[in-house]
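Architecture and fold: a report
Each chain is listed here by its residues.
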Amino acid sequence: GTEAVMCAIRLCRFNTRRKLIVQFAGAYHGWWDGVQPGPGSERANSDVLYLKDMHPTALKCIAARSDEIACVCVSPLQG
């Protein structure tokens, strides 16, 4: 699973020329620098936007920042 997510996010970032990815709180998309930013990671915290799933404000945030977002990661177990 981690490798599939890693490949998908890298392709999205490359093809859109955008860094920002959206993840929902509580979802797990592997343990690699692209989705686990922060101390010791090559990714800055600003590269990942964490939102509350199943919340209207999250959709508004995605819409408002859509020109910055490379992809939105959704877990099949979410919600």
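Here the structure is shown first, and the text comes after it.
Examining the side chain of Arg13
On the secondary structure map, Arg13 appears in helix 1 (residues 2-16). Salt bridges are absent for the buried Arg13, whose nearest opposite-charge side chain, Asp47, sits at 5.1 Å. Residue contacts for Arg13: discarding those within four places in its chain leaves Arg18, Lys19, Ile21, Gly34, Arg43, Asp47, Val48 and Ala70.

Observations regarding the nonpolar core
Judged by nonpolar contacts, Leu20, Val22, Phe24, Leu49, Leu51, Ala58, Ile62 and Ile69 together constitute the single largest core of eight residues. Secondary-structure elements contributing two or more residues to this core are strand 1 (20-24), strand 2 (48-51) and helix 2 (56-64). Considering every element that reaches this core, the biggest residue donor is strand 1, with three residues. Ignoring sequence-local partners within four residues, the contact set of Val22 consists of Leu49, Leu51, Ile62, Ile69, Cys71, Val72 and Cys73. Counting seven residues, the second-largest nonpolar core is a separate cluster that includes Ile9, Ile21, Trp32 and Cys73.

Here is what the cut-offs are and how they apply
Residues numbered from 1 in each chain as written. Predicted model: local features only at pLDDT ≥ 70, side-chain atom pairs only at ≥ 80, totals over all residues. Heavy atoms only, no water. Helix = DSSP H or I, 4+ residues; strand = E, 2+ residues; numbered from the N terminus. Buried < 20%, exposed > 50% of the residue type's maximum accessible area, 1.4 Å probe, protein only. Lys, Arg positive; Asp, Glu negative; His and termini not counted. Salt bridge = Lys/Arg side-chain N within 4 Å of Asp/Glu carboxyl O. Contact = heavy atoms within 4.5 Å. Core = buried A, V, L, I, M, F, W, Y, C linked by side-chain atoms within 4.5 Å.

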